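# Residue-level structural notes
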Amino acid sequence: MTTMSAPTTPDVDPVVAEAQAYAEKLLMLSEASVNRHFDPFEDIDWDNPEFDPDYKPERWVLVTSADPIGRHAWYQALPLDKKIEIGKVRQANVAKVGLQFEAILIIGMMQHIFNLKNNDPEFRYCSHEMIEEHNHTLMFQEMVNRVADVPGMNPLVRQLRHLAAPVGALMPNLFFMAVLAGEEPIDHIQKDILRSGDDIHPIMRGVMAIHVAEEARHISFAHEFLKKNVPAQRALNKAVLSIAMPIIMFILGRAIATPPKTFFKQFDMPADVRKELFYGSKEAKQVFADYFIDVRALAEEIGLMNPVAKKVWKLLGIDGPSSRYRSEPKRSAKHAA
């Protein structure tokens, strides 16, 4: 008596399976952009009297738990009116930097999608993201127009916009690393402010709430793009990317997180205070390194945290632990022990 074996299921090509999984993730992100999106002129009540920048102006005082300037003794010793003035200029400039970075992102992403093949799921998702980023630039500029006349990025850093098109077209892995270098610090700063529980000005709260909600999708896509494309690179390319990644994070992260020279001059901030706030103190270095906890986890996952790369991360002062999952809240020393 012969027995019949059960029919075998043909093996699924892993490359096809990976492409399908990637397309499904992008479809999910695209549908989320359709089902939950914001309009800065519908979802922010700009004409509400409470949105007057001078209404309850003490709400512009910088949050001590989320802003290095706000918790420094130099700032805390200033009279209230000066704290308010600095807070308004600081937050308006963060918004202007965000606007300028979004514009650079749009330039590069448009180049990235230009030659995509028909039916490539990246086209739809990237188009949704650029629409959202355009809305963010409108939102940020409206805040700046109402709060303070600020320059945003330092003049030298602004020149990086000229690299966006060629890098977006020819070096997409580097481009999306640069995207994370800009998005991660802003996202961390805004989340810390929103989580602080402080009574912040409603202009700030409204703008940040929308930005954080939509940036979650944008950051997710950049992570997924690099997860899909970097592991398939040749060994030499991966070696170059592993060294480039921390350098990009450091340069763009500094450009995003540090106010322009005009800010320090306008408020006569002593040079030693400036250095301590953003470069010199152990706390300042730790705060900056923490912006990239998710990026370090990504680097490990996609094979870019090799021994040489680890030394570069450490040399730049942005090494440290990696998150167990993206956007993992920072644990206190008590719980981390």
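If you're wondering where the values come from, they're calculated on a predicted model, not measured in any experiment.

## Let's talk about the nonpolar core
- M143, F176, F221, L226, M245, M249 and W313 are the most contacted members of the largest nonpolar core, which has 92 residues in total.
- When residues in this core are grouped by element, the largest group, 13 residues, is from helix 3 (residues 80-114).
- For M249, the residues in contact, after removing those within four places along its chain, are M177, L180, A181, R254, F288, F292, V295, W313 and I318.

## Some details on the packing of helix 4 (residues 121-147) against helix 8 (residues 202-229)
- Running from N to C, helix 4 and helix 8 point in directions that differ by 155°, and their axes come no closer than 10 Å. Judged by the inter-axis angle, helix 4 sits roughly antiparallel to helix 8. Crossing handedness for the pair helix 4 and helix 8: left-handed. Across the interface between the two elements, E122, Y125, C126, E129, E132, E133, H136, M139, F140, M143 and V147 from helix 4 touch I203, M204, V207, I210, H211, E214, E215, R217, H218, F221 and F225 from helix 8.

## A closer look at the pattern of salt bridges
- As enumerated under the stated definition, the model contains 12 salt bridges in all.
- Here D54 makes a salt bridge to K88, at a shortest N to O gap of 3.0 Å. Here K88 lies in helix 3 and D54 lies in the loop between helix 1 (14-35) and helix 2 (73-76), a separation of 34 residues in the sequence.
- For D54, a relative accessible area of 54% translates into the label exposed.
- For the salt bridge of E85 with K82, the shortest nitrogen-to-oxygen distance reads 3.3 Å. In this pair, E85 and K82 both sit in helix 3, 3 residues apart, roughly one turn of the helix.
- Given the relative accessible area of 35%, E85 is considered partly exposed.
- Within this structure, K25, E224, K227 and E301 form a network of salt bridges that share partners.

## Quick look at unusual backbone geometry
- Phi is positive for N119, close to 75°, though the residue is something other than glycine.
- Structurally, N119 is set in the loop between helix 3 and helix 4.
- For D268, which is not glycine, the phi dihedral falls at a positive 50°.
- With respect to the secondary-structure elements, D268 resides in the loop between helix 10 (261-266) and helix 11 (271-280).
- The class for D268 is exposed, based on a relative accessible area of 64%.

## Points about the packing of aromatic side chains
- Throughout the structure, instances matching the rule amount to 12 aromatic pairs.
- Seen in terms of ring centroids, F176 and F221 are 5.4 Å apart; in terms of plane orientation they differ by 85°. Their pairing is edge-to-face. Here F221 lies in helix 8 and F176 lies in helix 7 (residues 172-195), a separation of 45 residues in the sequence.
- F221 gets classed as buried once you look at its relative accessible area, which sits at 1%.
- Three or more aromatic residues joined by ring pairs form one cluster here, namely Y125, F175, F176, F221 and F225.
- Here the basic side chain of K228 rests over the ring of Y22, its NZ or CZ set 5.1 Å away from the ring centre.

## Points about helix 8
- If you check helix 8, its first and last C-alpha atoms are 40 Å apart, about what 28 residues at 1.5 Å a residue would give, namely 40 Å.
- The largest bend in helix 8 amounts to roughly 30° and is located at E215.

## Considering helix 4
- Taking 1.5 Å of rise per residue, 27 residues should cover 39 Å, and helix 4 covers 39 Å from first to last C-alpha, within 8% of that figure.
- Where helix 4 begins, the capping side chain belongs to D120, and its oxygen is found 2.9 Å from the backbone nitrogen of E122.

Calculation rules
Residues numbered from 1 in each chain as written. Predicted model: local features only at pLDDT ≥ 70, side-chain atom pairs only at ≥ 80, totals over all residues. Heavy atoms only, no water. Core = buried A, V, L, I, M, F, W, Y, C linked by side-chain atoms within 4.5 Å. Buried < 20%, exposed > 50% of the residue type's maximum accessible area, 1.4 Å probe, protein only. Helix = DSSP H or I, 4+ residues; strand = E, 2+ residues; numbered from the N terminus. Contact = heavy atoms within 4.5 Å. Axes fitted to C-alpha atoms, helices over the stretch in contact; angles between N-to-C directions. Parallel < 35°, antiparallel > 145°, perpendicular 65-115°, else oblique. Left-handed = near helix turned anticlockwise from the far one by under 90°. Salt bridge = Lys/Arg side-chain N within 4 Å of Asp/Glu carboxyl O. Phe/Tyr/Trp six-rings, centres within 6.5 Å; stacked < 30°, edge-to-face > 60°. Lys NZ or Arg CZ within 6 Å of the ring centre and 35° of its normal. Expected span 1.5 Å × (residues − 1). Bend = angle between axes of the 7 residues up to and from the residue. Polar contact = N/O pair within 3.5 Å; in protein donor to acceptor, adjacent residues only side chain to side chain.

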